[in-house]
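Architecture at a glance
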Amino acid sequence: MKTILNRLINHETLSKAAAKEVLINISTGQYNPSQISSFLTVFMMRNITIEELTGFREGLLELCIPLDFSAYNTIDLCGTGGDGKDTFNISTLASFVTAGTGIHVAKHGNYGVSSISGSSNVMETLGVKFSNDSSFLIKCIEEANIAILHAPLFHPAMKNVGPIRKELGVKTFFNMLGPMVNPSFPKNQLVGVFSLELARIYAYLYQHTEINYTILHALDGYDEISLTADAKVISRDTENIVSANDFQLSKLRFNEIKGGETVAKSANIFMNIISGNGTEAQENVVCANAALAISLVENSTVLQAFAKAKESLKSGKALEKLNKLQQISQA
């Protein structure tokens, strides 16, 4: 690691093979916490290259505990986090709304690092069991249309760097990797990213996969459709700007989609919204994100998909999927 760090301090970049090797060494415990911390810090101070990100991704996927969901046409709705916006758990709620429409969701998530409450924090608080047992997770997909894949259970490297990331408390390249290393290899992905530059890198990498994808970045910095500003939306064949108008909605203000100051408050906001008691702004931002996922899987218009998402939320179908997941977790 000393040689690698010296190279990086001298403004060199890593080849894909070198990046992959470092990731594998992190996973197998070959570096001490100070070395890992220094390594992560380099990538907070300069932009990551496509070669480096590809190598890191390959290393994580090679070592991950894979999950066979090939029998299902799954989608993952996942953001990188690291946008510093502290919204409520929009993509997790959108995942349940999507599941409520009959689509199978393989939701990859983790505890919050640079945010107060990540997807896993809320799911854990609400009594959802984390497991990498395939029979349990297939039961979740079949009966609730959604399985929660808690990243550290599938990725040894994430487990090793988890405490360091928590202590650093800022976004690292693991934020960039999270959405790209779903261990169930979903056929569809809706990915939110924290910068336009990262959206471009993702688009390049995803073009070399068979995944049906949509990458999005709100132009005011959110890693999801925020409805507070226009968003750049990139898929395999198209690149568009999406605004609140496309959903026949009015623009929102930042404070209307703010999250809770604690995990408990975040879970409370989550339950309010999924129970149909959220504000109109909260419901609209969740359904706008779900709409992009639904339209990606079903190849429908955004407006048709938004109507489906609203129906899933208002009819209680999204809540039904959460309740089912909680029941399976307690069995």
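Quick caveat, the model's predicted, so the values are computed rather than measured.

Time to look at the sheet that holds strand S5 (residues 212-218). Strand order in the open sheet formed by seven strands is S3-S2-S1-S4-S5-S6-S7, and the pairing between neighbours is mixed. Lying at the two open borders of the sheet, with one neighbouring strand each, are strand S3 (146-150) and strand S7 (239-242). Within this sheet the neighbouring strands show an average axis-to-axis angle of 20 degrees, counted without direction. In the sheet, strand S6 (residues 231-235) pairs with S7 via four bridges, with the strands oriented antiparallel. The residue of S7 that forms the bridge with Val233 is Asn240.

At a minimum axis separation of 7 Å, helix H5 (residues 90-99) and helix H14 (residues 317-330) run at an interaxial angle of 100 degrees. Classified by the angle their axes make, H5 and H14 are roughly perpendicular. Where H5 approaches H14, its residues Phe96, Val97 and Ala99 are matched on the opposing element by Ala318, Lys321, Leu322 and Leu325. The residue makeup of the contact of H5 with H14, split by class, is six nonpolar, no polar and one charged.

With that settled, consider the pattern of salt bridges. Side-chain pairs of opposite charge can arise where the charged atoms are in close proximity. Taken as a whole and judged by the stated rule, the model has 12 salt bridges. One salt bridge in this structure joins Lys265 and Glu261, with 3.1 Å as the shortest N-O distance. What you see here is one network of salt bridges that share partners, running through Lys139, Glu143 and Lys324.

Here the focus is the side chain of Ser95. The topology assignment puts Ser95 in helix H5. Given the relative accessible area of 0%, Ser95 is considered buried.

Further remarks concern the nonpolar core. Core analysis: the biggest nonpolar cluster contains 70 residues, and Phe96, Met123 and Ile225 have the highest contact counts within it. If one sorts the elements of this core by residue count, helix H12 (residues 280-298) sits on top with 12 residues. The next biggest cluster of nonpolar side chains, apart from the first, holds 46 residues, and it includes Leu8, Phe43, Ile48 and Tyr213.

Cut-offs used in this document
Numbers given for residues are sequential positions, taken from 1 along each chain in its written order. Given that the model is predicted, a residue must reach a pLDDT of at least 70 before its local features are reported, and side-chain atom pairs must reach 80 or more before they are shown or counted; all residues, however, enter totals for whole chains, interfaces and linings. Hydrogens and water are ignored here; the side-chain numbers use all heavy atoms of the structure. Pairs of strands are assigned from DSSP output, requiring at least two bridges between the strands. Here a helix means four or more residues in a row that DSSP labels H or I, a strand means two or more in a row labelled E, and each is numbered from the N terminus. Each axis is a line fitted through C-alpha atoms, taken for helices only over the stretch in contact, and angles between the N-to-C directions span 0 to 180 degrees. Should an angle fall under 35 degrees it is taken as roughly parallel, and over 145 as roughly antiparallel, whereas 65 to 115 is taken as roughly perpendicular and any remaining angle as oblique. By the convention used here, residues are in contact when the closest approach between their heavy atoms is within 4.5 Å. Charged means Asp, Glu, Lys or Arg here, nonpolar means Ala, Val, Leu, Ile, Met, Phe, Trp, Tyr, Cys or Pro, and polar covers whatever is left, Gly included. Counted as salt bridges are all cases of a side-chain nitrogen of Lys or Arg within 4 Å of a carboxyl oxygen of Asp or Glu. Think of it in three bands: with a 1.4 Å probe and only protein chains considered, a residue is buried below 20% of the maximum accessible area for its type, exposed above 50%, and partly exposed in between. Remark: nonpolar core denotes a set of buried residues (Ala, Val, Leu, Ile, Met, Phe, Trp, Tyr, Cys) joined through side-chain atoms within 4.5 Å.

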